[in-house]
Structures are given as structure tokens and as C-alpha cells.
Amino acid sequence: MNRAIPTCLLSVFSGRTGTLEKLVLGFCLSFIGPLLSQAQSPAPRSPTPAAVNGALRAETVAKGLEHPWGFVFLPDGRMLVTERPGRLRIVDREGRVSEPLTGVPKAYANGQGGLLDVAVSPRFAQDRLIYLSFAEPGDGGGAGTAVARGRLGENGLEKTQVIWRQQPKVSGGNHFGSRIVFRPDGTLFVTLGDRFAYREQVQDLSTTIGKIVRINSDGTAPRDNPFVDRPGARPEIWSYGHRNVQAAALHPATGELWTVEHGARGGDELNHVQAGKNYGWPVITYGVDYSGAKIGEGTAKPGMEQPVYYWDPVIAPSGMIFYTGEAFQNWKGSIVIGSLTPGLLVRLAMKNTTVAREERYLGDLRERIRDVQQAPDGLLYVITDSRNGRLLRLSPATGPSP
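All figures in this text were calculated on a predicted structure; none of them were measured in a lab.

Cut-offs applied
- Residues numbered from 1 in each chain as written.
- Predicted model: local features only at pLDDT ≥ 70, side-chain atom pairs only at ≥ 80, totals over all residues.
- Heavy atoms only, no water.
- Helix = DSSP H or I, 4+ residues; strand = E, 2+ residues; numbered from the N terminus.
- Buried < 20%, exposed > 50% of the residue type's maximum accessible area, 1.4 Å probe, protein only.
- Contact = heavy atoms within 4.5 Å.
- Areas by Shrake-Rupley, 256 points an atom, 1.4 Å probe, with all protein chains shown as cover.
- Pairing = 2+ DSSP bridges.
- 1 Å grid on protein atoms, 1.4 Å probe; cavity = no way out; pocket = protein on both sides within 12 Å on 5 of 7 lines; lining within 4 Å.
- Points joined across faces, edges and corners; volume = space filled by probe spheres on them.
- Nonpolar A, V, L, I, M, F, W, Y, C, P; charged D, E, K, R; others polar.
- Axes fitted to C-alpha atoms, helices over the stretch in contact; angles between N-to-C directions.
- Salt bridge = Lys/Arg side-chain N within 4 Å of Asp/Glu carboxyl O.
- Polar contact = N/O pair within 3.5 Å; in protein donor to acceptor, adjacent residues only side chain to side chain.
- Phe/Tyr/Trp six-rings, centres within 6.5 Å; stacked < 30°, edge-to-face > 60°.

(A) Structural view of the overall build of the chain. A tally of helices and strands in the chain yields three helices and 24 strands. Taken across its 402 residues, the chain has 54% of its residues classed as buried. In the chain, 58% of the contacts between residues at least 6 apart in sequence involve partners at least 24 apart. A total of about 17,500 Å² of accessible surface is found on the chain, and carbon and sulfur atoms cover 51% of it.

(B) Spotlight on the sheet that holds strand S21 (residues 354-361). A sheet is described by the order of its strands in space; here five strands give the open sequence S1-S21-S20-S19-S18, paired in mixed fashion. With partners counted over all chains shown, the strands left at the sheet margins are strand S1 (51-52) and strand S18 (317-322), one partner each. Judged from the four bridges that link them, S18 and strand S19 (residues 335-339) form a sheet pairing that is antiparallel. Bridged to Ile321 within S19 is Val336.

(C) Examining empty space enclosed by the protein more closely. With the rule as written, the count across this model stands at one cavity of 30 Å³ or more. Space inside the largest cavity adds up to approximately 50 Å³. Gly241, Arg243, Glu261, His262, Gly263, Gly267, Glu269, Tyr279, Gly280, Trp281, Ile284 and Thr285 together form the lining of the largest cavity. Residues that form the lining of the largest cavity fall into these classes: three nonpolar, six polar and three charged.

(D) Representation of the sheet that holds strand S4 (residues 79-83). Spatially, S3-S4-S5 is the arrangement adopted by the three strands of the open sheet, whose pairing is antiparallel. Both outer strands of the open sheet, strand S3 (68-73) and strand S5 (87-91), are each paired with one neighbouring strand and no more. Neighbouring strand axes in the sheet, compared pairwise and without regard to direction, differ in orientation by 20 degrees on average. Sheet topology places S3 next to S4; four bridges connect them, and they run antiparallel. Paired with Val72 across the bridge in S4 is Leu80.

(E) Structural view of the pattern of salt bridges. Applying the stated rule across the entire model yields 27 salt bridges. Glu94 is the partner of Arg96 in a salt bridge, and the nearest nitrogen-oxygen pair spans 3.3 Å. According to the relative accessible area criterion, Arg96 is exposed, its value standing at 54%. Assessed through its relative accessible area of 56%, Glu94 is described here as exposed. Between Asp289 and Arg199 there is a salt bridge, with the nearest N and O atoms lying 3.1 Å from each other. Residue Asp289 is found in the loop between strand S16 (268-273) and strand S17 (309-311), and its partner Arg199 is found in the loop between strand S11 (188-191) and strand S12 (211-215); the two are separated by 90 residues along the sequence. Connected via shared salt-bridge partners are Glu66, Glu83, Arg87 and Arg89.

(F) View of the side chain of Ser334. Tracing the backbone through its elements, the reader meets Ser334 in the loop between S18 and S19. One polar contact links Ser334 to Arg347, side chain to side chain, over a distance of 2.7 Å. Dropping the residues within four chain positions of it, Ser334 is found in contact with Ile321, Phe322, Tyr323, Arg347, Leu348 and Ala349.

(G) The side chain of Gln246, seen in detail. Considering the arrangement of structural elements, one finds Gln246 in strand S14 (residues 245-250). Among the residues examined, Gln246 registers a relative accessible area of 5% and is labelled buried. Within the local environment of Gln246, its side chain forms a polar contact with the backbone oxygen of Gly177, the two atoms lying 3.2 Å apart. If we skip the residues at most four places from it in the chain, Gln246 touches Trp69, Gly177, Ser178, Arg179, Val260, His262, Pro317, Ser318, Gly319, Leu340 and Arg370.

(H) Inspection of the packing of aromatic side chains at higher detail. Under the criterion given, the structure shown has 12 aromatic pairs. Summarising the aromatic geometry, the rings of Phe73 and Tyr381 are spaced 5.2 Å apart at their centres and angled 90 degrees between planes, so their arrangement reads as edge-to-face. Placement of Phe73 in strand S3 and of Tyr381 in strand S23 (residues 380-384) is noted, with a sequence separation of 308 residues between them. For the pair formed by Phe73 and Tyr381, the shared burial category is buried. Arranged with centres 5.9 Å apart and planes meeting at 75 degrees, the rings of Phe227 and Tyr240 form a pair that is edge-to-face. Here Tyr240 lies in strand S13 (residues 237-240) and Phe227 lies in the loop between S12 and S13, a separation of 13 residues in the sequence. Neither residue differs from the other here; Phe227 and Tyr240 are each classed as buried. Counting every residue linked through ring pairs, the aromatic cluster contains Tyr323, Phe328, Trp331 and Tyr361.

(I) Representation of the layout of surface pockets in the model. Estimated volume of the largest pocket: approximately 850 Å³. In this structure, the largest pocket is lined by 30 residues; those nearest its centre are Val72, Val181, Ile321, Gln373 and Gln374. Of all elements in the fold, only S3, strand S6 (115-120), strand S10 (180-182), S14, S18 and strand S22 (369-374) reach the threshold of two or more residues within the lining of the largest pocket. Counted as a void, the second largest pocket has a volume near 310 Å³. As for the second largest pocket, its lining consists of 18 residues, and the residues nearest its centre are Gln112, His262, Tyr290, Ala316 and Leu340. Across the lining of the second largest pocket, the residue classes tally to six nonpolar, seven polar and five charged.

Encoded structure:
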């Protein structure tokens, strides 16, 4: 085959483009095309560094949370925490955990489904709105990711309404996504999953399976979304080709969306997500199926985006921030990610849009880190995913105790 490629190209550049030469060239390009797609620059692979133990101090703020999934700081310093079985609680500044709040929509608490992320309206001082993503049950046993909002009152959420639903609802309890990220313009990104057994719909723009969507605060589609005017496409779609995105954050300087998504066996991805782009799943991936079988066509294909960075073996990413504080020396601008497996806090030191270095912490905890947030004072908080989950405050081990 290597000798055939120059011969084909020679027939073009020598001017011999008769019928026979065209047939030969077409035959030759059928071999060259896949080779050229595979020849695209591969994404950098994580070197899988060992965890640095003892560098961070972890203090338990609250415990007894059942599979906490997402949390967020309120302006007064309290935190809202979701529990996957379907409860929303407040943890105050002293670590006291409230009774479950009322007004929370009923969640499909099965497998990976349940009550998922929580976000505070950028205009909370005026509207007191809280946004929740959750697995919503449907008719006939199906389910799909949905977003609801309600006003935070004395005892819970008031006037709660579902503002957006993933389409279609399908059976199964896996791969719901889902993080909520507000943009400065008041629109919000909602990250989704491929629902595990429905990856053939990920490349189909008529569904929101395996997509990231951008919606207005009332659930409608913004007019400047990339597929608004494409016939047959869902207008809320921002990007597609995603497997299961459970980590997302805006870059503090550019305002652009970055995500970390679960691969299969190998192939967790850091992506710099841009409007209208196709991130490849399940056509291209750096992972293989859990059986060891190949997935798709390889690791690259024209028209499909390469990840910025990938992990093999995986870190099972969930929750991420861009760190902007001063409490952790030399961490400003880093991406900090929760890891479910092997259970870590992962820091990516960034140089522009590339990963300069990866460091890992908290391996000695042996806990599944489900979400991470930066507190107003620059310290980090994480939640651990277990039946007796904890909210932990992190600080540098060499610094003063908080």
C-alpha cells in the first residue's frame, strides 16, 4: 500500500487524468482517506501521576449525606447540596444539615439517575431562583434529564416548574450527565449523556441524547444558538458527540465552556467546547468498550474535534472548577476535577489552552469525589459519593488551619 500511494499521486501531478487514472486514484484514496484521518495530531495522554499525599488538609464540615451529587454556595455562605435519591438540603456555615427542602421535583432515582446538579441564579438577590437538573421519570418506565427551577423560600422551593426536558425519554438508569453552568449573559449550559444504550442517537441532531444544550433561564432556546435555523435539528443544541458529561466550568478570562466527560474503558476527555462542534462520540474515541471491543472508527476523523487531553486509565471525572483564589499557591488558573475512580482530586496546570502538568491529591482518603467548588475565601470544598457522604473543606497542609 505504501508504494501504491505515490503512484496514485503521481498520476495526478503528471497530468495523466484519463478515465483509468481517475479510477486508480479513487481506489487509492479509499485507502489514503482513513490513513490521513488517523494521521491528525493525537491528543496528549495523561501520564497517570501518583497521588501526592499529605499536601492537603481535609476537614469534615458535614456528614450523613446520602450520595450527594452537586452543591453550590449561596450568597450568605450557606450551601445547597443535592442527594441523588431526590433530596435537597442546606448546610449552614457551622456544618448543620437541614431537613430536606420542599418543592423539589420527583426524580427517577435508579442507577445513576436521581437529583443531580444545583445552580443559583445570577440574579439571586432579585429573583431567589434555584435551578436543579435531575433524571425525570416518564411514561412506560423511561426517563430523561430535565431542568427545573423554583424560588427559595423559608422551607424550600416555591412555584417549582420544569423548564426543559431531554428528548426523547428512554429506558435505563445510566448516563444522564448533568451539570448546569450559567454564562454571564444569563443563559445556561446543561450537559447531558448518551443514556448508555442509545449512543447511536448522539450524532443525530433531532435528539438531545449525547449533547450539550444552551437555554435561556426560562428554558427556551436562544436565537443565536448554532443549530437554530437548521431544519430537523433541536434549537437548544450547543455541541454534540458527547458520551456522559458530569464536569463543566467557564474559563474565568474568556467565558468559554470547558468540560470533562466520561469515556468508556479509557478515553475520559478534557474538551474546550465550542458552538456547533462535533466531539466525536461514538465515531471516534480513545477508549474501548467494557468488553474490550473497539468502538467506532478510531481516534480521529475529519470534522470531529480532538480532546485537549485524555485519560487512560480513566479518572471517572465528576465536577470541576477553574481555580481563581489565592489560598493554594501557584494554583490560579488551574482546572481542578473530582475523580470517582480511583478517587482523587486532580489538578491540571494550564498553559493557554494546553495542559502543562497534572497533579493528583487525596488518594489517601480513598473516597469518590463527586463535586468540587471554590469558597469565597479561596478554599476548596468537595463532596464524597457514598451512602454516608461527607462535605469536606480543603486547605494547604502547610498553611494555618481555617
